[in-house]
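Secondary and tertiary structure notes
Listed here are the chains, written in short residue letters.
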Amino acid sequence: MTAIAQPLRLLLLGATGAVGREVLTQALADSRVAEVLAPTRRPLVSHERLINPVTDFAHLDAAAPWWQADAVVSALGTTIKVAGSQTAFAAVDRDLVIETARLARQAGATRLALNSSLGASAQGNFYLCTKAQAEEGVRALGYPSLTIVRPSLIAAERETVRPGEVAGLWVSRVLGPLIPRHYRPVAAVRIASTLLEAALQGAPGEHVIESERL
């Protein structure tokens with residue numbers, strides 16, 4: 001007789017972002033998820049399976065009980081414009097990503113799915129280099145199951161308008177099939193489903209999912 005897998009506790013980081021919101025919606029509707037632990041700076045809409053501690057991410061509590069999860073989806077991220085400087089941007093997209101993943105691993109999490117970026121590379125520009133550093137940082141934490149998702153431009157409704165993203169999406173609509181699949185925008189819902197499935201499946205080893213596979 002095949003054993004029935006027990007529902008997992010999922011730690012969701014970045015639940016208020018475009019991708020994170022989609023992960024949250026999908027996770028709360030998935031019977032494989034016992035509860036979602038989603039620390040945020042501002043309260044989310046309540047749900048019976050959602051634990052939503054309002055958190056100061058500048059002063060994380062390493063002993064907080066909500067680090068104790070089976071799986072982690074990290075969709076943390078900002079922009080240099082919103083953050084105000086490259087230093088502030090790196091503090092979120094690299095340092096906070098690594099630190100939250102470290103605390104979850106320390107508390108027992110064994111599966112991590114990270115939303116990164118197309119072109120993440122130590123030889124890239126500041127943005128892409130920062131993303132690569134985040135990937136390296138979580139890779140060093142020793143998660144038995146690690147999935148890194150590298151989407152191209154994200155197609156989503158955002159609370160804050162990003163002019164560069166809007167322009168990129170407009171160009172993609174005009175050029176359509178002329179754009180190589182690798183560079184085409186990807187719907188936030190598709191990125192979210194890939195992240196969630198990777199975290200719940202927990203396939204052993206490291207897996208990198210490039211944009212054309214989303």
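Residues numbered from 1 in each chain as written. Predicted model: local features only at pLDDT ≥ 70, side-chain atom pairs only at ≥ 80, totals over all residues. Heavy atoms only, no water.

Some points on the packing of aromatic side chains
Taken as a whole, this structure holds 3 aromatic pairs when the rule is applied. Aromatic side chains Phe 89 and Phe 126 sit 6.0 Å apart centroid to centroid with 55 degrees between the ring planes, which places their arrangement in the tilted category. Linking Phe 89 in helix α3 (residues 86–106) with Phe 126 in helix α4 (residues 126–139), this pair joins segments that are 37 residues apart in sequence. Assessed through its relative accessible area of 0%, Phe 89 is described here as buried. A network of ring pairs unites the aromatic residues Phe 89, Phe 126 and Tyr 127 as a single cluster. (Phe/Tyr/Trp six-rings, centres within 6.5 Å; stacked < 30°, edge-to-face > 60°. Helix = DSSP H or I, 4+ residues; strand = E, 2+ residues; numbered from the N terminus. Buried < 20%, exposed > 50% of the residue type's maximum accessible area, 1.4 Å probe, protein only.)

Details of the nonpolar core
Core analysis: the biggest nonpolar cluster contains 30 residues, and Leu 10, Leu 12, Val 19, Val 36, Val 73, Ile 191 and Leu 195 have the highest contact counts within it. Here the element with the most residues in this core is helix α6 (residues 188–201); it accounts for 8 residues. Beyond its immediate stretch of four places on either side in the chain, Leu 10 contacts Ala 27, Val 33, Glu 35, Val 36, Leu 37, Ala 69, Ala 71, Val 72, Val 73, Leu 196 and Ala 199. Grouped together as the second largest cluster of nonpolar side chains are 23 residues, Ala 64, Trp 66, Trp 67 and Ala 101 included. (Core = buried A, V, L, I, M, F, W, Y, C linked by side-chain atoms within 4.5 Å. Contact = heavy atoms within 4.5 Å.)

Digging into the packing of helix α1 (residues 18–28) against α6
Remark: α1 packs on α6, axes separated minimally by 8 Å, with the N-to-C direction vectors making an angle of 60 degrees. What the angle tells us is that α1 and α6 run oblique. Crossing hand, α1 versus α6: right-handed. Together, Ala 18, Val 19, Glu 22, Val 23, Gln 26 and Ala 27 of α1 and Ala 188, Val 189, Ile 191, Ala 192, Ser 193, Leu 195 and Leu 196 of α6 make up the contact between the two elements. Here the contact of α1 with α6 is built from residues that sort into 10 nonpolar, 2 polar and 1 charged. (Axes fitted to C-alpha atoms, helices over the stretch in contact; angles between N-to-C directions. Parallel < 35°, antiparallel > 145°, perpendicular 65-115°, else oblique. Left-handed = near helix turned anticlockwise from the far one by under 90°. Nonpolar A, V, L, I, M, F, W, Y, C, P; charged D, E, K, R; others polar.)

Quick notes on the layout of surface pockets
What the second largest pocket holds in volume is close to 160 Å³. Residues of the lining of the second largest pocket, tallied by class, amount to 4 nonpolar, 3 polar and 2 charged. (1 Å grid on protein atoms, 1.4 Å probe; cavity = no way out; pocket = protein on both sides within 12 Å on 5 of 7 lines; lining within 4 Å. Points joined across faces, edges and corners; volume = space filled by probe spheres on them.)

Considering the confidence of the model for the protein
In low-pLDDT regions, the fine details of the predicted coordinates are not to be read closely. Per-residue pLDDT for the protein has a mean of 89; in total, 85% of the residues score no lower than 70. Here residues 165–172 is modelled with pLDDT under 50, and outside its nearest four sequence neighbours on either side it reaches 12 contacts, counting other chains as well. (pLDDT = per-residue confidence, 0-100.)

Considerations on the sheet that holds strand β5 (residues 111–115)
Taken in spatial order, the 7 strands line up as β3-β2-β1-β4-β5-β6-β9 in an open sheet, and their pairing is parallel. Looking at which strands have only one partner, the edges of the open sheet turn out to be β3 (50–51) and β9 (205–210). Direction of pairing for strand β4 (residues 71–74) relative to β5: parallel, over a ladder of 4 bridges. By the bridge assignment for β5, Val 73 is matched with Ala 113. Against the sheet, α4 contacts β5, β6 (145–150) and β9, and its axis sits at roughly 170 degrees relative to β6. (Pairing = 2+ DSSP bridges.)

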